[in-house]
Amino acid sequence: MEQSGDRLLRDIILDRIRDRGRITFAEFMTACLYEPGLGYYTSPGRKVGAEGDFYTSSNVHEVFGRLIAREIRCMWHSMGEPDRFEIIEVGAGNGRLAADVMDTLVEIDRRFYDAVTFRLIEAEPTLKELQREMLAAHLAKVVWSEPADLAQGRIAFSGCLYSNELIDSFPVNLVEMTSAGLREVYVTATGDELGESLEKPSTPELEEYLRRLGITLFEGQRAEINLAARSWLKAVARAVTRGFVMTIDYGYHAAELYAPFRKNGTLLCYYRHTIEGNPYIRLGLQDITSHVDFTTLINDGEESGLRKVWFGEQYRFLMGAGMLEELMALEARAMSDEQRLKHRLALKKLMLPDGGMGDTFQVLIQSKGIDNPQLLCMREWGKSF
């Protein structure tokens, strides 16, 4: 049964297709996720957590934010402990992760906390009040910006910009290899029914993207190409005067992402904690995502002045940042065996590959203007520099 939001958005998309004959999948995905007031990320409602459609690492346990805070503090040390340091979270959601980071900083290093300004960037305007509530203890240090401020060069900062499960939500072009060569998937309409057609690519950038990576798809194989991620990273690189960029998301190096066994690509939808393969239903009501091509982020970063400092699986990042120390502290504070078990199960989800987030999620840290940074994730587990 269609809901009112789905119907309104469907009519908008259908009108665009009728006017133009077809639209790219990227345009369709943009409308589904970001159409003002109707898109998945631009309409009111809880998307994350038990009442939403999926979990992120920050919703699993506060330790995730605590470890990110410890790594950001290490970045500050690598920069010579400047008097002013800006932290930016892009795709800040309800502010839970930002609050965990700031709570940790005020606890472990008041001098660093005093140097920090925290900037939140979020596409969904109604979340600002939730962010205010979540960060009530830190409001004097918090500022807000719009995604357009970053994209259009109105932000310049020295410090650390991070994102957690952001790039997977960027609109992607869909392509498929055919006997006649690479073709793009367009969204069409027959009456009120959405469909697809395979036609010549809308831009030569799509073929160039795969060529640059040395990727050749086999006939019948589909794949996603995230041109928006390239534009976003270039904007971020321009914004950083000196500091770090930390990207946390699920994805792979290009060779694995576009491997032959991924015949249908990685496009998935999420609705009330269930996976859905059909993006043409529940328009604006379900999330649409694809895995991130970290090879392109690394290569584009180098071309834009962002040097790769570290890249690896989330479990390796968390272990290096001090997961075992945090676990021991949690065990010591636990008031019951039930509480200890709850902590262990949550941390298992963050760390382990089997049913968890440990190896599907990757962490990429890039820097600009920093000589020989020494970060926690770079150390051997359990050791100091």
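One structure accompanies this document, and this report is about it.

The rules behind the values
- Residues numbered from 1 in each chain as written.
- Predicted model: local features only at pLDDT ≥ 70, side-chain atom pairs only at ≥ 80, totals over all residues.
- Heavy atoms only, no water.
- Salt bridge = Lys/Arg side-chain N within 4 Å of Asp/Glu carboxyl O.
- Helix = DSSP H or I, 4+ residues; strand = E, 2+ residues; numbered from the N terminus.
- Buried < 20%, exposed > 50% of the residue type's maximum accessible area, 1.4 Å probe, protein only.
- Pairing = 2+ DSSP bridges.

Attention shifts here to the pattern of salt bridges. All chains considered together, the criterion is met by 23 salt bridges. For E86, the salt bridge identified is with R119, shortest N-O distance 2.5 Å. Placement of E86 in strand β2 (residues 85–90) and of R119 in strand β3 (residues 116–121) is noted, with a sequence separation of 33 residues between them. On the basis of relative accessibility, which here comes to 17%, the residue R119 falls in the buried class. Across the pair D149 and R154 runs a salt bridge whose closest N-O atoms are separated by 2.9 Å. Three or more residues are tied together by salt bridges with common partners; here these are D15, R18 and D192.

Time to look at the environment of S179. Summarising the element assignment, S179 is placed in the loop between β6 (173–178) and β7 (181–190). Expressed as a C-alpha distance, the spacing of S179 and E219, which sit 40 residues apart in the sequence, is 6.4 Å.

A few words now on the pairing of β7. With seven of its 10 residues buried, β7 lies for the most part within the structure. Both β6 and β7 contribute to a ladder of four bridges, which runs antiparallel. Each residue of the ladder has a partner; that of V175, found in β7, is E184. Turn length for the β6-β7 hairpin, with the two strands adjacent in sequence and antiparallel, is two residues. Counting the residues between successive antiparallel strands, the hairpin from β7 to strand β8 (residues 193–199) contains two residues, one of them, G191, with a positive phi of roughly 65°.

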